[in-house]
Amino acid sequence: MSRNLILGGLLTGVFVIAAFLSFVWTPDTVEAMNIANRLKPPSADNLLGTDHFGRDILSMLMVGARTSIAVALVAVGIGMGLGVPLGLAAAARRGGMLDEVIMRMNDLIFAFPSLVIAILITAVFGPSATNAIIAIGIFNIPVFARITRGAALSLWKREFIMAAQVAGKTRTRISVEHILPNVANLLIVQGTIQFSLGILAEAGLSYVGLGAQPPIPSWGRMLADAQTMVSLAPHVALIPGLTIVAMVLGLNLLGDGLRDALDPRLKVVRA
């Protein structure tokens, strides 16, 4: 087991545990405001200090982790659930009309960054965590479609696929029974990468007011609220920022570790 996998798993696990723990316990109530206790530095009463409303930062980070992980996880699920079948279908019909339509649709989505898509969705439906999920999920679809198609194309030329065709299996059945299991490792690794990008995207959307809305805590909005108070209380901005960095770093290390563990081409054979 690689060090990246261990370290990434530990970092990610800390935030996942904190997110689940926030359902039943937090050091303080995240909605409880205490103006007299505002902008307090870390202390025994508030381990990570308080924000400009006197709310406990640790409690807000725990609930914010729940928000960020939920948004990123569902968005990646949408991208993978729709992108993988599209990629398999495009590879199975390489050069055909279906392949061309899917790839051009992917190009169209890639032409609009996730933030622009979020702004368009927000203009119609209003800002919310649900709309952030939709925006990030839409942007993930072409990512998984392209990766699945590229990996599947190389497999369609292999002997065991030709043998399945000779046996009379349809392209759809071959894609499900033979192609998908052989690209699953690549999709798992890419899923962790998109998960980390989803965390960043959610934080960015919340920072500009397009993500989860008050009173739901969000790491991105915590940064936005603290940007004018950095000189008065640096911890109010530093702690959420470092939390986002640690979460994304953990997921990236986890992805690297999974790639090393799952890709047989990267394994070293000892004599």
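So, how was this worked out
Residues numbered from 1 in each chain as written. Predicted model: local features only at pLDDT ≥ 70, side-chain atom pairs only at ≥ 80, totals over all residues. Heavy atoms only, no water. Core = buried A, V, L, I, M, F, W, Y, C linked by side-chain atoms within 4.5 Å. Buried < 20%, exposed > 50% of the residue type's maximum accessible area, 1.4 Å probe, protein only. Helix = DSSP H or I, 4+ residues; strand = E, 2+ residues; numbered from the N terminus. Contact = heavy atoms within 4.5 Å. Expected span 1.5 Å × (residues − 1). Lys, Arg positive; Asp, Glu negative; His and termini not counted. Salt bridge = Lys/Arg side-chain N within 4 Å of Asp/Glu carboxyl O. Polar contact = N/O pair within 3.5 Å; in protein donor to acceptor, adjacent residues only side chain to side chain. Axes fitted to C-alpha atoms, helices over the stretch in contact; angles between N-to-C directions. Parallel < 35°, antiparallel > 145°, perpendicular 65-115°, else oblique. Left-handed = near helix turned anticlockwise from the far one by under 90°. Nonpolar A, V, L, I, M, F, W, Y, C, P; charged D, E, K, R; others polar. Phe/Tyr/Trp six-rings, centres within 6.5 Å; stacked < 30°, edge-to-face > 60°. Lys NZ or Arg CZ within 6 Å of the ring centre and 35° of its normal. Patch = residues over 30% accessible without salt bridge, like charges linked within 9 Å, V, L, I, M, F, W, Y side chains within 5 Å. Areas by Shrake-Rupley, 256 points an atom, 1.4 Å probe, with all protein chains shown as cover.

Enquirer: What is the right way to look at the nonpolar core in this model?
Expert: When a protein is soluble and globular, its nonpolar side chains tend to lie buried together. The biggest cluster of nonpolar side chains holds 45 residues, and the ones touching the most others in it are Trp-156, Ile-179, Phe-195, Ile-199, Trp-219 and Met-247. The element that contributes the greatest number of residues to this core is helix H2 (residues 57-92), accounting for 12 residues. Leave out the neighbours within four places in its chain, and Ile-199 touches Ser-68, Ile-69, Ala-72, Trp-219, Met-247, Val-248 and Leu-251. Residues Ile-121, Ala-132, Ile-133 and Ile-136 belong to the second largest nonpolar core, which totals 12 residues.

Enquirer: What am I meant to see in helix H5 (residues 129-155) here?
Expert: Side chains of residues three or four places apart in an α-helix project in the same direction, reflecting 3.6 residues per turn. Taking 1.5 Å as the rise per residue, H5 with 27 residues should run 39 Å; its terminal C-alpha atoms sit 38 Å apart, in good agreement. With respect to burial, H5 is a largely interior element, 19 of its 27 residues being buried.

Enquirer: Would you explain the side chain of Glu-202 in this entry?
Expert: Checked against the element boundaries, Glu-202 lands in helix H7 (residues 171-207). There is no salt bridge for the buried Glu-202, and the closest opposite charge comes from Arg-221, which lies 6.9 Å off by N-O distance. Engagement of the side chain of Glu-202 in a polar contact is seen with the side chain of Ser-218, the distance being 3.2 Å. Leaving out residues up to four positions away in the same chain, Glu-202 has contacts with Thr-67, Ser-68, Val-71, Ile-136, Ala-212 and Ser-218.

Enquirer: It is not clear to me how the packing of helix H4 (residues 114-125) against H5 should be interpreted in this structure. Could you clarify?
Expert: A packed helix pair is summarised by two numbers, namely the angle formed by the two axes and the spacing between the axes. Contact geometry of H4 with H5 gives a least axis separation of 9 Å together with a crossing angle of 140°. Classed by the angle they form, the pair H4 and H5 counts as oblique. Handedness of the H4/H5 crossing: right-handed. Here Ser-114, Ile-117, Ala-118, Ile-121 and Phe-125 of H4 lie close against H5, whose contacting residues are Asn-131, Ile-134, Ala-135, Ile-138 and Phe-139. Of the residues that constitute the contact of H4 with H5, the class distribution is 8 nonpolar, 2 polar and no charged.

Enquirer: Explanation requested: helix H1 (residues 3-21) in the structure shown.
Expert: An ideal rise of 1.5 Å per residue puts 27 Å on 19 residues; H1 measures up with 27 Å between its terminal C-alpha atoms. Those residues of H1 lying buried are Leu-5, Gly-8, Thr-12, Phe-15, Ala-18 and Ala-19.

Enquirer: Explanation requested: the packing of aromatic side chains in the structure shown.
Expert: Under the criterion given, the structure shown has 3 aromatic pairs. Ring centres of Phe-15 and Trp-219 lie 5.9 Å apart, and the angle between their planes is 65°; on these two criteria the pair is classed as edge-to-face. Residue Phe-15 is located in helix H1, and its partner Trp-219 is located in helix H8 (residues 219-226); the two are separated by 204 residues in the primary sequence. Pairing Phe-110 with Phe-139 gives two aromatic rings, centres 5.9 Å apart and planes at 90°, and the pair type is edge-to-face. Of the two residues, Phe-110 is situated in helix H3 (residues 97-110) and Phe-139 in helix H5; the sequence distance between them amounts to 29 residues. The ring of Phe-23 carries Arg-66 above its face, with NZ or CZ at 4.5 Å from the centroid. Cation over ring: Arg-171 sits above Trp-156, and NZ or CZ is 5.4 Å from the ring centre.

Enquirer: Hey, could you run me through a nonpolar patch on the surface in this one?
Expert: A cluster of nonpolar side chains, contributed by Phe-20, Leu-21, Phe-23, Val-24 and Trp-25, occupies part of the molecular surface with about 600 Å² of accessible area. Here Trp-25 shows up in the loop between H1 and H2.

Enquirer: Could you clarify how one ought to interpret the environment of Leu-48 in this entry?
Expert: By secondary structure assignment, the location of Leu-48 is in the loop between H1 and H2. Overall, Leu-48 belongs to the partly exposed group, its relative accessible area being 25%. In this structure, the C-alpha to C-alpha distance between Leu-48 and Leu-232, residues 184 residues apart in sequence, is 15 Å. If sequence neighbours within four positions are ignored, Leu-48 has contacts with Pro-42, Ile-57, Leu-58, Leu-61, His-235 and Ile-239.

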